[in-house]
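# Analysis of the macromolecular model
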Amino acid sequence: MVPLNFVLAASRFTILCYQPPFATAKFFYVLCGLCYTWGVLVITCCLTPFVGLIFVPASFVWRYDDSPLSTSFAQVDFVLCLSFCAISLFVYIVIVLKLLIMKKQMHMSNQQNRHEIAILIQAILIFLYCSFFMSAWHFYELFLPDCRWTYFAINTLWILNSGITSFLYLTMNQTIRRRFYERYFTCFHSTPAIVIAESLTPETRRVLSNRISPVSCMHT
């Protein structure tokens, strides 16, 4: 998930800061493929006798086991993920600065920079969230109480990480929020008559039309 956030940041950088974008869609497909390849390699390593993950039901926690290379693998995983988060944040900062410079060069008003601020806030929140839960998962004993509920909270944060980006889009992007509302909540509203009429079968329409008297049609 963290490497994919970096791919998204790079995609936004090429689209928002350069017209036409200097990177093609195939380039980002390759980057996504590399991210999934990394995930497959991690899973493969965890299936070997040298690195392993175990789940402890009594503590609600996933953790690396005592295999020979588990500690080193965990450190590499932490450094790489944190590096991707930091690079993604840096890319978003560059995007915001680039957009502000472009607006200034085009003599556009700087009084309303809501879109740039929203992009920066999303980047900062994703960086803080990912950095916190990764630090907590690897080094929770340094700043959190050693209890079962700490393990439960950390693993819950890990699961919720899969939806943090979508949640931020939904809360901070007006277009996505409106389309989400139209897609999932308009069904609770009263359906217009024209929609009902279009949903009727031809036979039902013919029966209903025969029940309408010509006189009433003339007076309407």
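Owing to the predicted nature of the structure, the values given are computational and were not obtained by experimental measurement. (Residues numbered from 1 in each chain as written. Predicted model: local features only at pLDDT ≥ 70, side-chain atom pairs only at ≥ 80, totals over all residues. Heavy atoms only, no water.)

## Focus on the packing of helix α1 (residues 2-17) against helix α4 (residues 114-139)
At a minimum axis distance of 12 Å, the contact between α1 and α4 shows a crossing angle of 165 degrees. Taken together, α1 and α4 sit at an angle that is classed as roughly antiparallel. As α1 packs across α4, the resulting crossing turns out to be left-handed. Where α1 abuts α4, its residues V2, N5, R12 and L16 lie against I119, Q122, I126, C130 and M134. (Axes fitted to C-alpha atoms, helices over the stretch in contact; angles between N-to-C directions. Helix = DSSP H or I, 4+ residues; strand = E, 2+ residues; numbered from the N terminus. Parallel < 35°, antiparallel > 145°, perpendicular 65-115°, else oblique. Left-handed = near helix turned anticlockwise from the far one by under 90°. Contact = heavy atoms within 4.5 Å.)

## Structural notes on the pairing of strand β2 (residues 61-64)
When a strand is regular, its side chains alternate between the sheet's two faces. One ladder, built from 4 bridges, connects strand β1 (residues 53-56) with β2; its direction is antiparallel. Counted as the bridge partner of V56 is V61 from β2. (Pairing = 2+ DSSP bridges.)

## What about the UniProt feature "transmembrane region" (unreviewed entry) in the chain?
Following the UniProt record, one finds the feature "transmembrane region" (unreviewed entry) at residues 28-56, 76-97, 117-137 and 149-170. End C-alpha to end C-alpha, residues 28-56 measures 38 Å, and it is 66% helix and 14% strand. Annotated as 100% helix and 0% strand, the span residues 76-97 places its first and last C-alpha atoms 32 Å apart. (UniProt positions renumbered as here; feature names shortened; annotations may be inferred.)

## What about the environment of A123?
Here A123 is to be found in helix α4. In sequence terms A123 and S88 are 35 residues apart; their C-alpha atoms lie 7.5 Å from each other. Every residue in contact with A123, bar those within four places of it in the chain, is listed here: L89 and Y92.

## Describing a nonpolar patch on the surface
Judged by side-chain polarity, W38, L41, V76 and L80 come together as a nonpolar surface patch covering roughly 340 Å² of accessible area. Mapped onto the elements of the fold, W38 is located in helix α2 (residues 25-46). Classification of W38 by relative accessible area gives partly exposed; the value is 34%. (Patch = residues over 30% accessible without salt bridge, like charges linked within 9 Å, V, L, I, M, F, W, Y side chains within 5 Å. Areas by Shrake-Rupley, 256 points an atom, 1.4 Å probe, with all protein chains shown as cover. Salt bridge = Lys/Arg side-chain N within 4 Å of Asp/Glu carboxyl O. Buried < 20%, exposed > 50% of the residue type's maximum accessible area, 1.4 Å probe, protein only.)

## Some thoughts on the side chain of S88
Of note, S88 is situated in helix α3 (residues 70-105). At 2.8 Å, the side chain of S88 forms a polar contact with the backbone oxygen of F84. (Polar contact = N/O pair within 3.5 Å; in protein donor to acceptor, adjacent residues only side chain to side chain.)

## Topic: the packing of aromatic side chains
Counted according to the given criterion, the structure contains 11 aromatic pairs. Judged by centre distance (5.8 Å) and plane angle (85 degrees), the ring pair of W149 and F152 falls under edge-to-face. With W149 and F152 both in helix α5 (residues 148-160) and 3 residues apart, the pair spans about one turn of that helix. Residue F152 is classed as partly exposed on the basis of its relative accessible area, which comes to 39%. (Phe/Tyr/Trp six-rings, centres within 6.5 Å; stacked < 30°, edge-to-face > 60°.)

## Brief notes about the nonpolar core
Core analysis: the largest hydrophobic core is formed by 12 residues, namely V42, C46, V51, V61, Y64, F73, A74, A136, W137, Y140, Y151 and I154. When contributions to this core are tallied by element, the ones reaching two or more residues are α2, β2, α3, α4 and α5. Setting aside chain neighbours within four positions, we find A74 in contact with Y64 and H138. Grouped together as the second largest cluster of nonpolar side chains are 11 residues, F78, C85, C130 and F133 included. (Core = buried A, V, L, I, M, F, W, Y, C linked by side-chain atoms within 4.5 Å.)

## Quick notes on the environment of S70
Examined against the element boundaries, S70 turns out to sit in helix α3. Judged by relative accessible area, S70 falls into the buried class, the value being 1%. Along the primary structure S70 and F50 are separated by 20 residues, whereas in three dimensions their C-alpha atoms are 6.9 Å apart. Not counting residues within four places of it along the chain, the set of residues in contact with S70 comprises F50, V51, G52, Y64 and D65. Engagement of the side chain of S70 in a polar contact is seen with the backbone nitrogen of G52, the distance being 3.4 Å.

## Describing the side chain of Q122
Within the secondary structure layout, Q122 lies in helix α4. Take Q122: its relative accessible area is 6%, and that puts it in the buried class.

## Things to note about the packing of α4 against α5
At their nearest, the axes of α4 and α5 sit 10 Å apart, and the two run at 140 degrees to each other. With respect to α5, the axis of α4 lies oblique. As for how α4 packs across α5, the hand of that crossing is left-handed. Packed against α4, whose contacting residues are Y129, F132, F133, M134, A136 and W137, the element α5 presents I154, N155, L157, W158 and L160 at the interface. Per-class residue counts for the contact of α4 with α5 are 10 nonpolar, 1 polar and no charged. (Nonpolar A, V, L, I, M, F, W, Y, C, P; charged D, E, K, R; others polar.)

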